[in-house]
Amino acid sequence: MTFQPPATVALSADEARRIALRAQGLLGAPDRRAGVRGVLRHLGAVQLDTISVLARSHELVPYARLGAVDRRTVEAAYWSSDADEAHAFEYWSHAACILPVEEWPHFAFRRRAYRARPQWHHELTDGAYERVLKQLRAEGPLTATALGGAKNGGEWWDWSESKIAVERALMHGDVVCTRRRGWKRVYDLAERAIPTAFQHEDLSDTECVRRLVALAGRSLGVGTREDIADYHRLKNAQVDEVIADSGLVPVEVEGWGKPAWADPGALATAPRGRHRTTLLSPFDSLIWDRPRTERVFGFTHRLEAYVPKPKRVHGYFAMPLLSGGRLLGRADPAREGSTLVARQVSLDSPRSAPAMAEALWEAASWVGCTDVRVDRTLPAETHKPLLAALGAAR
């Protein structure tokens, strides 16, 4: 008897959307017992970014899933204290991300690739790299400032030699960041900071990629090759090499028009439960891949922070509104004293005004604001129902 591969599972577009929401922790009861660290393990990566409007993106991600968790709790959950064993580290994944420490072995392929990199934008004098490692070994964890200064005094990219050296050592894996002070990285030797159990798991490049593909599939629930590759910024060809051995199941999703794969656990039970109503960071892993966001939610979104102000359509840091498992609009928030200001709001329909009002008030309360004001709304006909909804939700 010849082997017959299993039939490809067929999913409706709505089923795929709900699977994606549950996989991202936005459908069903939140796991409050696991808390912020549970969110990080569930997602596999939380993107970091310097922009702070309502809050920094790495704070907004657990907020979207758990509600108004104390912001100090968020920081303590990510960064190790002096007495803690590391439970997370920073590295290049989808972008600069916080990653669960158990994923340290999975990025060995990337660390090896950086070591083999023939050229760098910054040059180092002989011995500079070794001096940084020697200083960390002798003095313990240090910021770039304590290592000799982060900058040479020029433009923001004009790093000092010690900063160049320690960042290169971080990319190589000799150095790791498992904590921050304020917004400053604290560097330490990986051999000292990473738990021993994860230091010596020597994985081949293929095995690293296979594990990351499997983890990306679990975090996405269902995705195309491009979706899966984008989650940890792998190459499509790398995904192709391991997808058959990843444990993911081939599926066909209505309207997607391309092959896709799903986590078998996501297919085992129908996704049900309570939907969150919340504002999402533009860097949230539910929506950080713009083509996927359009395909799954029919929602086009673009971060306009780097777009010249006259050309912005939705605002500097427009945050999409998630409610009822759909993206219903967006708001560009700011804080003025104790007032959360929605500088610009757009809704798909006036019927979405109560959801936006709920999300704005919850966000205001979370960051310590006692009032909400709307400066402008687009389209204009949504202004009156939104003001009414804000008053009713107060």
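Above this text you will find the structure in question.
Residues numbered from 1 in each chain as written. Predicted model: local features only at pLDDT ≥ 70, side-chain atom pairs only at ≥ 80, totals over all residues. Heavy atoms only, no water.

A.B. asks: Could you clarify how one ought to interpret the packing of aromatic side chains in this entry?
C.D. replies: Working definition: an aromatic ring pair is given by the centre-to-centre distance plus the angle between the planes. Following the criterion strictly, the structure yields seven aromatic pairs and no others. The interplanar angle of 55° and the centroid separation of 6.0 Å between the aromatic rings of Tyr78 and Trp79 together place this pair among those described as tilted. Look at Trp79 and you get buried, because its relative accessible area is 9%. Connected via pairs of aromatic rings, a cluster forms that spans Tyr91, Phe107 and Tyr114. Between the NZ or CZ atom of Arg111 and the centre of the ring of Trp104, over which it lies, the distance is 3.9 Å. Against the face of Trp159 rests Lys163, its NZ or CZ located 5.1 Å from the ring centre. (Phe/Tyr/Trp six-rings, centres within 6.5 Å; stacked < 30°, edge-to-face > 60°. Buried < 20%, exposed > 50% of the residue type's maximum accessible area, 1.4 Å probe, protein only. Lys NZ or Arg CZ within 6 Å of the ring centre and 35° of its normal.)

A.B. asks: Would you mind going over the sheet that holds strand E4 (residues 96-100) with me for this structure?
C.D. replies: For sheets, the rule is that strands pair by backbone hydrogen bonds, running either parallel or antiparallel. Taken together, the three strands give an open sheet; going across it, the order is E2-E4-E3, and neighbouring strands pair in antiparallel fashion. Each edge of the sheet is formed by a strand with only one pairing partner; in this case those strands are strand E2 (46-47) and strand E3 (88-92). Relative to E4, E3 is paired through five bridges, and the arrangement is antiparallel. Each residue of the ladder has a partner; that of Trp92, found in E4, is Ala96. (Pairing = 2+ DSSP bridges. Helix = DSSP H or I, 4+ residues; strand = E, 2+ residues; numbered from the N terminus.)

A.B. asks: Before we go on, may I ask you to explain the pairing of E3 in this structure?
C.D. replies: Two faces make up the sheet, and in a regular strand the side chains alternate between them. Counting buried positions over the five residues of E3 gives four, a clear majority of the element. Counted between consecutive antiparallel strands, the loop separating E3 from E4 contains three residues.

A.B. asks: Can you help me understand unusual backbone geometry in this one?
C.D. replies: A negative phi angle is the norm for most residues apart from glycine, just as the trans form is the norm for most peptide bonds. Of note, the phi angle at Arg233 is positive, near 55°, even though the residue is not glycine. Its place among the elements puts Arg233 in the loop between helix H11 (225-231) and helix H12 (236-242). The exposure class assigned to Arg233 is partly exposed, which follows from its relative accessible area of 43%.

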